[in-house]
Amino acid sequence: MNDIHANLTVKLDYLIGLLDISSQESFDKIKDHKILAEFDSVGEIYNNQYSIYRNQITISAILFDYGYFEAFLADLIVMCLKKQPKILIPEGKSQNKDKTITYQQLLLAESYENLVVELIEKEVRNVMYKSMPEILDYLEKKLNLKWNNQMNDAIIIANRIRNCCMHNNCAERGWKKDGIF
């Protein structure tokens, strides 16, 4: 857990530098810079408006932060399943097709461990494509990892903000439609 937590912390710390260049002073220093002759200057890209520049960096930081957090959750699931692969055994009589191994996979596998890793990767992919409330439910019920309700609510709000930024161009109407505020 320390390795994946340390990895997340380092990545989040790196974003401090990104946010640091969102200052008016930084914008003033680089606004006349042209990356290549055929492109507008940095200032022209942002209509010479510091607020647009600052907002773009803030949105980028939010998306990076959230992406890093999602990667942390995926790593956390992998770590738990590697320690207790029997968690993958389905409850009841129903057998999920993603949790079965074909005869061909069994014969071609280099080792038992490789088969388990393959099943874990499928499980993580399936879980991470779910909604955030479903992911949090999976963490609690399947892996016995529970945060308090305030933390879960904050994670769900962060997820909605991320989705709004990605899919609604951070438009206020998207925030209201998604029930963020």
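Preceding this paragraph is the structure being described.
Only a predicted model underlies this, so the values are computations on that prediction, with no experimental measurement involved.

Visitor: Would you explain the packing of aromatic side chains in this entry?
Guide: Here a ring pair, both rings aromatic, is described through the centre-centre distance and the interplanar angle of the planes. Counted by the stated rule, this structure contains 6 aromatic pairs. Measuring from ring centre to ring centre gives 5.5 Å for tyrosine 46 and tyrosine 53, while their planes differ by 80°; the resulting arrangement is edge-to-face. Taken individually, tyrosine 46 and tyrosine 53 each receive the classification buried, so the pair is uniform in this respect. With a centroid separation of 6.1 Å and 20° between ring planes, the pair formed by phenylalanine 64 and tyrosine 68 is classed as stacked. You can see phenylalanine 64 and its partner tyrosine 68 sitting in helix H4 (residues 50–83), 4 residues apart, about one turn around the helix. Taking relative accessible area as the criterion, tyrosine 68 reaches 24% and is therefore assigned partly exposed. Taken together, the ring pairs in this structure connect Phe27, Tyr46, Tyr50 and Tyr53 into an aromatic cluster.

Visitor: I keep staring at the nonpolar core and nothing clicks. Help me out?
Guide: The tendency in soluble globular proteins is for nonpolar side chains to be buried as a group. Within the largest apolar cluster, 28 residues are counted, with the highest numbers of intra-cluster contacts made by Leu73, Ile77, Leu81, Met132 and Leu143. Among the elements that make up this core, the one with the highest residue count is H4 (10 residues). When sequence neighbours within four positions are dropped, the list of residues in contact with leucine 81 reads Ile87, Leu88, Ile120, Glu123, Tyr138 and Leu143. Among the nonpolar cores identified, the runner-up in size contains 6 residues, and Phe27, Val42, Tyr46 and Tyr53 belong to it.

Visitor: I would appreciate a short explanation of unusual backbone geometry in the present structure.
Guide: Glycine aside, negative phi is the norm for most residues, and most peptide bonds take the trans geometry. One non-glycine residue, asparagine 47, lies in the positive phi region at around 55°. Note on placement: asparagine 47 falls in the loop between helix H3 (42–45) and H4. Residue classification places asparagine 47 among the exposed positions, given a relative accessible area of 53%. Positive phi, normally seen in glycine, also occurs at asparagine 48, with a value near 55°. In this structure, asparagine 48 sits in the loop between H3 and H4.

Visitor: Please clarify how the packing of H4 against helix H6 (residues 112–128) should be interpreted in this entry.
Guide: Relative placement of two packed helices is described by the angle separating their axes and the distance separating the axes. Contact pair H4 / H6: the axes reach a minimum separation of 10 Å and the direction vectors enclose 145°. For the element pair H4 and H6, the recorded crossing hand is right-handed. The segment H4 lies against H6, with Glu70, Leu73, Ala74, Ile77, Val78, Leu81 and Lys82 engaging Val117, Ile120, Glu123, Val124, Val127 and Met128. Of the residues contributing to the contact of H4 with H6, the split by class is 10 nonpolar, no polar and 3 charged.

Visitor: Would you explain the environment of tyrosine 46 in this entry?
Guide: Tracing the backbone shows tyrosine 46 in the loop between H3 and H4. Using a relative accessible area of 19% as the deciding quantity, one classes tyrosine 46 as buried. The residues touching tyrosine 46, leaving out its near neighbours within four places in the chain, are Phe27, Ile52, Tyr53 and Gln56.

Visitor: Before we go on, may I ask you to explain a nonpolar patch on the surface in this structure?
Guide: A grouping of Ile101, Tyr103, Leu106, Leu107 and Leu108 is seen on the molecular surface, where their side chains present a nonpolar patch of about 570 Å² in accessible area. A residue is classified by how much of its surface remains accessible, and leucine 106, at 48% relative accessible area, is partly exposed.

Visitor: Looking at this structure, I do not really get the pattern of salt bridges. What am I missing?
Guide: Oppositely charged side chains can pair when the atoms bearing their charge come close. Applying the stated criterion across every chain, the model contains 4 salt bridges. Across the salt bridge formed by glutamate 25 and lysine 29, the nearest N and O atoms sit 3.4 Å from each other. Of this pair, glutamate 25 and lysine 29 are both found in helix H2 (residues 24–30), 4 residues apart, which corresponds to roughly one turn of the helix. By the burial criterion, glutamate 25 is exposed, and lysine 29 matches it. Across the pair lysine 31 and aspartate 28 runs a salt bridge, and its minimum N-O distance is 3.9 Å. Aspartate 28 sits in the partly exposed class, given a relative accessible area of 37%.

The rules behind each value
- Residues numbered from 1 in each chain as written.
- Predicted model: local features only at pLDDT ≥ 70, side-chain atom pairs only at ≥ 80, totals over all residues.
- Heavy atoms only, no water.
- Phe/Tyr/Trp six-rings, centres within 6.5 Å; stacked < 30°, edge-to-face > 60°.
- Buried < 20%, exposed > 50% of the residue type's maximum accessible area, 1.4 Å probe, protein only.
- Helix = DSSP H or I, 4+ residues; strand = E, 2+ residues; numbered from the N terminus.
- Core = buried A, V, L, I, M, F, W, Y, C linked by side-chain atoms within 4.5 Å.
- Contact = heavy atoms within 4.5 Å.
- Axes fitted to C-alpha atoms, helices over the stretch in contact; angles between N-to-C directions.
- Left-handed = near helix turned anticlockwise from the far one by under 90°.
- Nonpolar A, V, L, I, M, F, W, Y, C, P; charged D, E, K, R; others polar.
- Patch = residues over 30% accessible without salt bridge, like charges linked within 9 Å, V, L, I, M, F, W, Y side chains within 5 Å.
- Areas by Shrake-Rupley, 256 points an atom, 1.4 Å probe, with all protein chains shown as cover.
- Salt bridge = Lys/Arg side-chain N within 4 Å of Asp/Glu carboxyl O.

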